[in-house]
Each structure stands twice: as structure tokens, then as C-alpha cells.
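# Descriptive structure summary
Chain by chain, the residues run as shown.
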Amino acid sequence: MRIKYIGLLLLCSISLQAALAQTSKLRELQDSLRLAKDSSTYVRLLNDLSYYYYMSNLDSCFWYAVKAKEMATRLNNQRELSNAYNNLGIFYSKKRNATLAILYDYEALKIRYVLRDSAGICTFMNNLSMDYESDSNMVMKEYYEQQALQLGNRLPGYKGYSVLLMNYVVDYWRDTTKKDSVQWAMNRLCALTADKPYTHEWYHARIFEVMEIMRGGRGKEGEQQLNKLAEEAYKKGLLRIPADVYEHMLEDIIPMGYKADSIRYAEKLFSVAKESGDYILMMYAVEIIYPYYLSRGNKAKLASLGDAVRELAASEHTESVNLPTTDYIGYFLNEQQMQELQLSNQLQQQAIAESDLHKVGHRTLLKFLAALLLLLVIYAVIYYWFYYSSRRAARVLAMLNTGITEKNIRLQANDDFKNKLLSFVARDFRAPLNEIISTAESWQQQGSPDNDTILTSITSVETASRRTLRLFDGILYWIKSQFPGFIYTPGSFNTREMLAAAIQGIQSEATGKQLQIVLEIPDNLTMAADQEMLAFVHHTLLQHTVALITAGGTMMITALLFEGKIQVTIKGHPVVVTPALLYLLDLPQDDRLILITCKDFMIKMGGSMEVMEEGKDSFGFVYTLPKH
């Protein structure tokens with residue numbers, strides 16, 4: 001939720017804005033309207049009254065704007081006509097009709113361009129920027145925003161420039177990509193408001209300076225300064241300033257990571273909003289406070305908040321009943337219809353005049369048109385011939401390109417297959433074979449080893465051989481699955497039984513490391529898969545996980561039904577930082593050679609597989625397969 005400030009009618013009403021907050025000024029304007037002796041003063045006062053009423057009574061704002069527009073049109077007073085259009089734009093923006101607000105503000109901007117009024121152009125560009133933001137057209141919003149800022153920066157003494165800068169800072173303070181431009185806007189805002197203390201712009205410049213301090217790490221000091229600014233503005237009667245301070249704390253500072261009591265600031269915001277009559281901010285604060293006290297059963301606070309909401313509902317109902325019914329859209333459509341009728345009348349008169357002028361040369365015109373038609377026919381025939389020839393050539397070229405592309409795709413697929421196969425043979429078979437060779441060499445060096453050494457070596461050779469065989473079987477099946485003639489036929493398998501069988505294959509390694517294996521899988525989960533593929537994936541993932549767990553650790557295997565698929569998680573804790581772990585964590589996933597085979601199998605079976613990290617001492621895998 002973000003409240004922005006608007007510089008509306010700055011070119012003709014800046015001197016009135018501070019005083020117009022008082023009821024006496026309204027009576028003064030109405031008395032001046034009755035005593036006005038010339039039309040230009042009268043229409044200016046109508047626009048001033050319309051602008052005043054937008055803050056308190058939208059129906060009166062609309063009525064005075066319509067009267068000002070009609071009178072300015074009769075007097076051909078373009079400046080006041082643009083002000084009337086602008087007031088209508090304000091009215092429709094308050095009514096949340098961004099489309100009509102854009103239309104009227106654009107009409108006002110066009111007149112200011114004709115009058116070459118740079119200050120008015122800058123102001124109305126700012127208004128259009130906010131209209132487009134309400135319409136969710138961020139491209140046009142940023143365009144008019146940048147145009148207004150650039151023009152305002154070139155206008156010496158333009159009093160609305162500080163409002164443009166303030167809105168820019170409010171919009172982009174949290175956008176890290178625009179940090180430099182936001183800092184520039186803050187510096188300019190501080191410089192412009194330095195000699196105007198205790199204004200809204202001055203307070204906002206100070207607020208964002210303190211927020212920058214808090215973002216820099218001096219949170220406690222910044223919080224104290226923000227509260228001091230809020231209290232000072234409250235004492236001066238500027239209730240909007242403390243409301244903005246508390247809103248920034250809730251929307252910017254606390255989400256940034258600063259630890260503060262959000263409930264306390266929401267209650268402060270609620271109190272200030274209630275005092276100022278800002279029901280929008282009241283409801284925003286209630287959305288934060290109410291769930292908090294509801295969860296704690298604080299009936300007194302809940303009753304107080306309920307009374308405030310009831311007052312809001314009663315005031316909205318009373319306003320909707322008492323206000324006169326006005327068809328605002330109908331007024332706009334009637335206005336458009338009148339303009340269309342005037343334009344149609346002008347076109348008819350022009351058509352009659354042109355008909356009278358062309359009667360004398362009617363025959364000559366017909367001959368000219370006939371010759372022109374003949375030329376067009378000849379041109380069309382020639383164009384069609386060239387078009388047909390170019391299309392035919394394009395089709396031939398497209399067929400050639402398609403053939404070349406298909407050949408390239410097949411060649412690339414074959415290259416990828418060969419590269420993967422060579423990588424598997426070169427890298428994944430090396431480790432277990434090296435273990436066998438190392439065992440044989442140790443026997444040669446030791447001469448006649450004892451029985452325990454022989455038994456340990458044989459066990460190591462057996463483990464390495466079995467691992468090599470499983471790996472070889474898996475790669476052979478993977479090679480078979482890559483051939484065009486391979487047909488994948490899924491079967492139904494019990495998830496718990498498949499994983500229990502896979503655990504038996506790595507039980508000796510797990511026992512050697514004294515690992516605890518926890519299997520938490522419901523008995524009724526069945527998945528659609530290929531048995532050989534799934535068995536290879538299970539053994540590979542379990543073997544990787546066992547290798548990375550510290551002795552005495554735990555391996556947790558869970559499965560659940562998630563979005564219509566079976567999701568299996570294999571996680572080890574704690575893990576030891578080994579070269580193998582660094583290899584898994586640092587390299588891209590497509591370079592983990594044996595895991596590529598598992599990923600290919602998962603994709604072939606209609607599932608997916610990812611590496612999962614949870615903190616520094618946990619590591620594992622998660623895969624999904626369709627439920628059978």
C-alpha cells in the first residue's frame with residue numbers, strides 16, 4: 001500500500017492549497033463567485049472550487065468542473081478549459097476509472113502544449129503518469145514520469161518539482177536496480193526543501209534520509225529519529241506525516257529485516273488514521289492488528305477494532321445513501337456524442353462544398369480515374385507475378401533449410417550420445433577398476449598377507465566389482481534406451497518395496513559406516529516406472545548419499561503424494577566435506593556423469609530429479625514419478 005502525492009493545478013492554485021484546507025476559504029470562494037464581475041474570473045473560481053471539492057465532495061468537484069468546462073468552451077479560454085479537463089481527470093481518478101482519467105488529463109496536456117506552458121505540461125505529465133499506474137500500464141507510467149522529471153529539472157523556479165522528486169523516491173526506494181537515481185532524487189529533494197522546513201516535502205526528505213541510515217545498519221538510531229519526526233509533525237497538526245512514518249516502518253523497514261514491533265506501529269497508524277479520518281489506512285492497520293489479537297483472544301481489543309470497522313461501514317453506507325445519483329459515464333458518453341454530431345455536421349457541409357466544386361470537372365475526373373484504375377490493374381498483375389515467384393522460391397528455400405536443420409539435429413543428438421558414452425567409460429568406470437588394481441598391487445608388495453588382510457581385500461574387490469557390474473548394466477540399459485527403437489512400457493511398482501530392495505544393495509557400505517537408515521514410506525504408494533531404470537536410479541542415489549554421510553550419521557528416505565505424483569526424498573545428515581561432495585555441489589548438474597544417466601531415466605519415465613541441499617551439513621536427492 002503506497003499513498004503518493006499529486007501536484008495538481010500547481011500552475012494556478014499553489015497559493016491556494018494551504019488555505020483551502022479551511023472551511024472559511026470555501027465560503028470565501030463561493031462569495032467571490034457570486035460577486036465576480038467578469039467571465040474569466042468566474043470560470044477561474046469555478047475551477048478552484050472544483051479542485052477544492054475533490055478532497056471532500058466528489059459530486060461537487062464534478063459539478064463545478066462541468067460548469068467550468070462549458071463556460072471555458074463558450075469563452076474559448078483555453079487555459080481554464082485545460083484546468084477543467086484536469087479537474088475531470090482528478091474526479092475520474094478518484095472514482096477509480098483510470099481510462100476516463102487518462103482521456104481528460106491527455107486533453108488538458110494537449111492544450112498546455114498549444115499554450116507552450118512548460119509548468120503546466122510538467123504537472124499534467126505527472127498526473128498522466130499516475131493515471132497510467134492506476135491503469136497498470138507501467139510502460140506509459142514510466143514514460144510520462146521520466147518526461148516530467150526531465151522537464152521539471154530544466155524549469156528554474158518550478159514549484160512542483162519537489163512533488164515529482166518525492167513521488168519518484170516513494171516509487172523506487174525499494175528498487176535496488178535504481179539505487180543511484182533514487183539517491184540523486186533524494187539529494188535534489190533535500191536541496192530544494194532545505195529552506196522550507198516543516199512542509200510535507202521537507203518532512204519526506206528527512207524521512208527517507210533516516211531510512212537510508214537504517215538500511216546502512218544503524219537501525220536503532222534511525223527508529224528513534226523516525227519516531228521523533230512523527231511526534232514533531234503530529235504536534236504541528238500534520239497527521240499525514242506520522243501516518244507515512246508508521247506505514248514506512250510496516251512496509252519498508254520491518255520487511256527489510258529490522259526487528260521492530262509491527263503490532264505497535266500498526267496500532268499507532270490506526271490511531272492517527274482514525275484521528276485524520278483516513279479510513280483506507282484504518283483498514284490497512286486493522287488487517288495487521290486484528291489477526292494478532294484474535295489469535296491471543298484479546299476480546300477488548302477485538303471489540304475496539306470491531307467498533308472502528310462498524311463506524312467505517314456506517315459512514316460508507318450513509319454517504320452512498322445521501323449522495324445524489326449522477327451518471328458520470330453517461331455524461332462522458334453524451335459529451336462524446338455531441339462532439340461526434342458536431343464533427344458529422346462539419347463533414348456534411350464540407351461534402352456539399354466539395355460536390356459543388358467538382359461538378360464542373362466530373363467527366364475529366366472519371367477519365368483520370370479510369371486511367372488510374374488501368375494502371376492499378378497492371379501494377380497488381382506485375383506485383384502478383386513477383387509475389388508468386390518469391391513465395392515459390394521461399395518455399396523451396398524453406399524445404400532445404402528444414403532438411404538441413406533436421407540433419408543437424410540428428411548429428412547433434414548422435415554427438416551428444418557418443419560424448420556421454422565416452423565420458424561414462426572414461427570417468428565412471430575408472431574409480432572401481434582402480435580400487436581392484438590397487439588391491440592387487442598391495443598383495444604383490446606385501447608378499448604373503450594374513451587371512452584378515454586377504455578377506456578385507458577380497459571384500460573390497462567384491463564390492464568394487466559389484467559396483468562396476470551394476471554401473472555397467474545401468475549404462476547398457478541407458479544406451480538401449482537412447483536407440484530409436486526403444487519403447488518405454490511402465491509398470492506398477494510399490495514404492496516402499498523398491499526402495500527396501502535398493503537398501504539391501506548398499507547395506508554392507510551402510511553397516512561399515514554405522515549408518516542409521518530410516519524408511520518412512522506408506523505401504524499404499526505405487527508408481528508407474530520401468531523396473532530396471534528405477535532400480536539403477538535407487539542404487540546410484542543411495543550409493544552417492546552413503547558415500548557423503550559421516551560415520552554414525554543418518555539417512556532419511558521419505559515419500560509422499562504431491563500434486564498427483566509420487567515425490568521421494570533421500571537425505572543424509574550429517575555429511576562430510578569430501579572432494580566427492582565438492583564435485584557434486586560445484587559442477588553444473590549436466591556434468592555429473594553418472595547422475596546424468598539417472599536424470600535421463602527419470603525424464604524417460606515422465607518424472608524429474610534434483611539435487612537437494614538443506615544447510616551446511618545435509619545433502620540428498622529428490623525425484624518425482626507419476627502415480628499408478
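Up top you'll find the structure we're talking about.
### Examining the overall build of the chain
For the chain, the helix and strand inventory stands at 25 helices and seven strands. Counting over 628 residues, the chain shows a buried share of 39%. The long-range fraction of contacts in the chain, counting pairs at least 24 apart against all pairs at least 6 apart in sequence, stands at 66%. Taken as a whole, the chain presents about 35800 Å² of accessible surface, with 56% of it coming from carbon and sulfur.

### Some words on empty space enclosed by the protein
Evaluated as defined, the whole model comprises three cavities of 30 Å³ or more. Of the voids in this model, the largest cavity is the one considered here, and its volume is about 70 Å³. In terms of lining residues, the largest cavity is bounded by eleven residues, among which N126, S129, E145, L164 and N167 are the most central. At the level of secondary structure, the elements contributing two or more residues to the lining of the largest cavity comprise α7 (118-134), α8 (138-154) and α9 (161-172). Among the elements that line the lining of the largest cavity, the one with the most residues is α9, at four residues. For the lining of the largest cavity, a count of residues per class yields five nonpolar, three polar and three charged.

### Some details on the sheet that holds strand β2 (residues 516-520)
If you trace the five strands from one edge of the open sheet to the other, you get β2-β4-β5-β7-β6, paired in mixed fashion. What marks the edges here is a single partner per strand, and that holds for β2 and β6 (608-613). Going from strand to strand, the sheet's axes swing by 15 degrees on average, the running direction of each strand aside. Pairing of strand β4 (residues 549-562) with strand β5 (residues 565-575), which is carried by ten bridges, proceeds in the antiparallel orientation.

### Thoughts on helix α15 (residues 279-296)
In this model α15 runs 25 Å from its N-terminal to its C-terminal C-alpha over 18 residues, within 8% of the 26 Å that 1.5 Å per residue would give. Considering bend angle alone, the principal kink of α15 is centred on V286 and spans about 30 degrees. Of the residues making up α15, those classed as buried are L281, M282, Y284, A285, V286, I289 and Y293. Looking at the residues trailing α15, positive phi occurs at G297, about 65 degrees.

### A word on the packing of helix α21 (residues 495-505) against helix α23 (residues 531-548)
Direction vectors running N to C along α21 and α23 enclose 50 degrees, while the axes themselves pass 9 Å from each other. In terms of their interaxial angle, α21 and α23 are classed as oblique. When you trace α21 past α23, the crossing you get is right-handed. In this structure, α21 uses M498, L499, A502, I503 and G505 to contact α23, whose residues at the interface are Q531, L534, A535, H538, H539 and L542. Split by residue class, the contact of α21 with α23 holds seven nonpolar, four polar and no charged.

### Regarding the pattern of salt bridges
One pass over the full model with this rule turns up 13 salt bridges. Two residues, K141 and D171, come together in a salt bridge whose shortest N-O distance is 2.9 Å. One end of the pair, K141, is in helix α8; the other, D171, is in helix α9, with 30 residues separating them in the sequence. When its relative accessible area of 1% is taken as the criterion, K141 is described as buried. Given the relative accessible area of 22%, D171 is considered partly exposed. Taking the shortest distance from any N to any O, the salt bridge between E247 and R240 comes out at 3.6 Å. Within this structure, R79, R112 and D117 form a network of salt bridges that share partners.

### A short note on the nonpolar core
If you look at the biggest cluster of nonpolar residues, it comprises 95 residues, and the most contacted ones within it are W173, L269 and F270. Sequence-distant contacts of L269, defined by excluding residues within four places in its chain, comprise A243, Y246, L250, L281, Y284 and A285. By size, the runner-up hydrophobic cluster in this structure holds 38 residues, among which are I503, M527, M533 and V546.

Analysis parameters
- Every chain begins its residue count from 1, and numbering advances along the sequence as written.
- Only residues with pLDDT of 70 or above have their local features reported here, since the model is predicted, and side-chain atom pairs are shown and tallied only from 80 upward, although totals for entire chains, interfaces and linings are computed over all residues.
- Heavy atoms throughout the structure, all of them, feed into the side-chain values; hydrogens and water do not.
- Secondary structure elements are defined from DSSP: runs of H or I of at least 4 residues count as helices, runs of E of at least 2 residues count as strands, and each element is numbered from the N terminus.
- Buried means the residue's accessible area, taken with a 1.4 Å probe over protein chains only, is under 20% of the maximum for its type, while exposed means over 50%, and partly exposed covers the values in between.
- Any pair of residues with heavy atoms lying within 4.5 Å of one another is described as a contacting pair.
- Where accessible areas are quoted, they stem from the Shrake-Rupley method and a 1.4 Å probe; at the residue level, only the protein chains shown are allowed to cover.
- Cavity means a closed set of points on a 1 Å grid over the protein atoms alone, one where a 1.4 Å probe fits but cannot get out, pocket means an open set with protein on both sides within 12 Å along at least 5 of 7 lines, and lining means a residue has an atom within 4 Å of a point.
- Grid points are joined across faces, edges and corners, and a volume is the space filled by probe spheres set on the points.
- Under the scheme applied, nonpolar residues are Ala, Val, Leu, Ile, Met, Phe, Trp, Tyr, Cys and Pro; charged residues are Asp, Glu, Lys and Arg; polar residues are all the others, including Gly.
- Paired strands are those between which DSSP finds at least two bridges.
- Helix axes are fitted only over the stretch in contact, all axes being lines through C-alpha atoms; the angle between N-to-C directions runs from 0 to 180 degrees.
- By this rule the span expected of a helix is its residue count minus one, scaled by 1.5 Å.
- Note on bend: at a given residue it equals the angle between the axes fitted to the 7 residues ending there and to the 7 starting there.
- Should an angle lie under 35 degrees it is considered roughly parallel, over 145 roughly antiparallel, and from 65 to 115 roughly perpendicular; all remaining angles are considered oblique.
- Left-handed describes a crossing whose near helix is turned anticlockwise from the far helix by less than a right angle; the clockwise case is right-handed.
- Any Lys or Arg side-chain nitrogen found within 4 Å of a carboxyl oxygen on Asp or Glu counts as a salt bridge.
- Side-chain atoms within 4.5 Å link the members of a nonpolar core, which is a set of buried Ala, Val, Leu, Ile, Met, Phe, Trp, Tyr and Cys residues.

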